[in-house]
Amino acid sequence: MSFGETPITLVGNLTDDPEMKFTEGGAALAKFTIAVTPRSFDRNSNQWKDGTTAFYRCAAWRTLAEHVAESMGKGSRVVATGRIRQHDWTNDQGEKRSMLAVEIDDIGASVRFTTVQINGKRLAQNGPAGDDPWTTANGSTSDAEPPF
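Calculation criteria
Residues numbered from 1 in each chain as written. Predicted model: local features only at pLDDT ≥ 70, side-chain atom pairs only at ≥ 80, totals over all residues. Heavy atoms only, no water. Salt bridge = Lys/Arg side-chain N within 4 Å of Asp/Glu carboxyl O. Helix = DSSP H or I, 4+ residues; strand = E, 2+ residues; numbered from the N terminus. Buried < 20%, exposed > 50% of the residue type's maximum accessible area, 1.4 Å probe, protein only.

Please provide a residue-by-residue account of the pattern of salt bridges, values included.
Considering all chains together, one arrives at 10 salt bridges under this definition. Among the salt bridges present, the one from Arg83 reaches Glu5, with a minimum N-O distance of 3.4 Å. With Arg83 in strand β7 (residues 77–90) and Glu5 in the segment before β1 (6–14), this pair connects stretches of sequence that are 78 residues apart. For the residue pair Arg83 and Glu5, the accessibility class agrees, reading buried in each case. Arg97 is paired through a salt bridge with Glu95; the nearest N and O atoms lie 2.9 Å apart. Under the relative-accessibility criterion, Arg97 is labelled partly exposed at 42%. Judged by relative accessible area, which is 38%, Glu95 ranks as partly exposed. Salt bridges sharing common partners tie together Glu5, Arg83, Arg85, Glu103 and Asp105.

Written as structure tokens, this is what we have:
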């Protein structure tokens, strides 16, 4: 993260299935919206009350984009981290426009209200074993006790 960027963590639900696109250069891009609704406990009524829902337009790139599109869909409860970005453009009428969006760095399923099952192998970044101390020479993970 560069100096001056605004980090953000969102916990909410996808409003629709991610929209998958590819740039002219072949980079994958997943666009999606996360709805975040704050909740507070009202002691007078002894009930939880929903606040105003905020909708955050998000973008994930490359391998992360492909994983999001393959793993998540409308209604998925997620925890996402990223950076707020401002996008500026001029529309067809010559008017200047801008919007804020979140460029996602990492995203996962929230297990607060449900369970999930991880399917698939962990992708190593530095070859089959990478720098992961839990990966054996053949690429599988070890069931050994941790060294700490």
